[in-house]
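# Descriptive analysis of the structure
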Amino acid sequence: MDWKILSPLLMLLQGDCSPGSDEATTRSEKASIGTVVDGRISSISASSYHTPVGHIRSPKTPPWEHVFEPRMLMDGSLQTCWQEGNDDTRGDGEWVIVYFKEATDLTEIRLANGCQDYWSDAGWGDLYSKNPRVKKLKIESNKGDTEFWNLSDTGGWQTLSVDMKDVSNLTLTIVGDVYRGTKWSDAAISELSFRGKK
């Protein structure tokens with residue numbers, strides 16, 4: 001089965017793109033400003049990422065299963081996620097840095113919170129509820145522009161309008177407590193996307 005073909009369809013079926021409860025920080029995708037600039041991203045790094053212990057892969061294991069590296073934030077699939085790997089926190093202070101190939105004026109940041117893996121046939125059940133989700137992010141550009149984003153505990157995409165000029169790298173830092181998971185303590189984000197003007 002080709003997951004890349006199924007992923008956009010699944011996003012339409014499962015993702016509620018309507019704004020969350022915090023109207024001041026979250027807007028509908030219908031009002032998007034600018035064009036998608038994800039192709040301008042050169043790399044992404046993180047303070048840490050979760051590495052499962054004792055996992056044995058098999059030829060039937062999907063290529064995305066049990067890979068929680070920061071690159072999964074930009075792979076175009078809600079079936080993957082980044083999970084921070086600091087055993088001493090539930091995410092507080094953990095960060096991701098996105099590097100752009102050229103300076104870009106950002107108008108929107110889109111984020112899919114938690115581990116939005118709905119493939120129940122993998123045997124893991126509801127991974128969104130089992131893993132913590134981010135409550136608040138500090139977003140800071142290399143130019144010093146800073147935004148704080150209060151995220152809702154919902155599936156699908158959330159959108160933050162920004163006005164950040166000449167961004168060559170952007171740091172997203174988890175602030176404070178998270179929405180607790182019912183089983184694990186590794187805070188997760190499934191996907192990031194960006195819109196800009198140049």
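Placed above this text is the structure.
Residues numbered from 1 in each chain as written. Predicted model: local features only at pLDDT ≥ 70, side-chain atom pairs only at ≥ 80, totals over all residues. Heavy atoms only, no water.

### Quick word on the nonpolar core
If you look at the biggest cluster of nonpolar residues, it comprises 28 residues, and the most contacted ones within it are Val98, Phe100, Leu106, Leu137, Ile139, Leu170 and Phe194. Elements that contribute at least two residues to this core include exactly strand 2 (41-46), strand 4 (95-113), strand 6 (136-141), strand 8 (157-174) and strand 10 (188-196). In terms of residues, this core owes the most to one element, strand 8, which gives 7 residues. Not counting residues up to four positions away in its chain, the partners in contact with Leu170 are Val96, Ile97, Val98, Phe100, Leu106, Ile109, Ile139, Glu140, Ser141, Met164 and Phe194. (Core = buried A, V, L, I, M, F, W, Y, C linked by side-chain atoms within 4.5 Å. Buried < 20%, exposed > 50% of the residue type's maximum accessible area, 1.4 Å probe, protein only. Helix = DSSP H or I, 4+ residues; strand = E, 2+ residues; numbered from the N terminus. Contact = heavy atoms within 4.5 Å.)

### Some points on the pairing of strand 7 (residues 146-150)
Note: strand 6 against strand 7, 5 bridges, orientation antiparallel. Counted as the bridge partner of Leu137 is Trp149 from strand 7. Connecting the antiparallel pair strand 6 and strand 7 is a turn made up of 4 residues, with Gly144 showing a positive phi of about 95 degrees. (Pairing = 2+ DSSP bridges.)

### Digging into the pattern of salt bridges
Applying the stated criterion across every chain yields a total of 6 salt bridges. In this structure, Asp153 and Arg133 form a salt bridge, with 2.9 Å as the shortest nitrogen-oxygen distance. In this pair, Asp153 sits in the loop between strand 7 and strand 8 while Arg133 sits in strand 5 (residues 133-134), placing the two residues 20 residues apart along the sequence. We note a salt bridge from Lys138 to Glu140, for which the minimum N-O separation is 3.9 Å. According to the relative accessible area criterion, Glu140 is partly exposed, its value standing at 33%. (Salt bridge = Lys/Arg side-chain N within 4 Å of Asp/Glu carboxyl O.)

### Topic: the pairing of strand 4
With 14 of 19 residues buried, strand 4 lies mostly within the body of the structure. The pairing of strand 4 with strand 8 spans 12 bridges and is antiparallel. Directly across from Thr104, in strand 8, lies its bridge partner Val167. In this sheet, strand 10 lies alongside strand 4 in antiparallel orientation, the contact comprising 7 bridges. Residue pairing for strand 10: Leu106 is matched across the bridge by Gly196.

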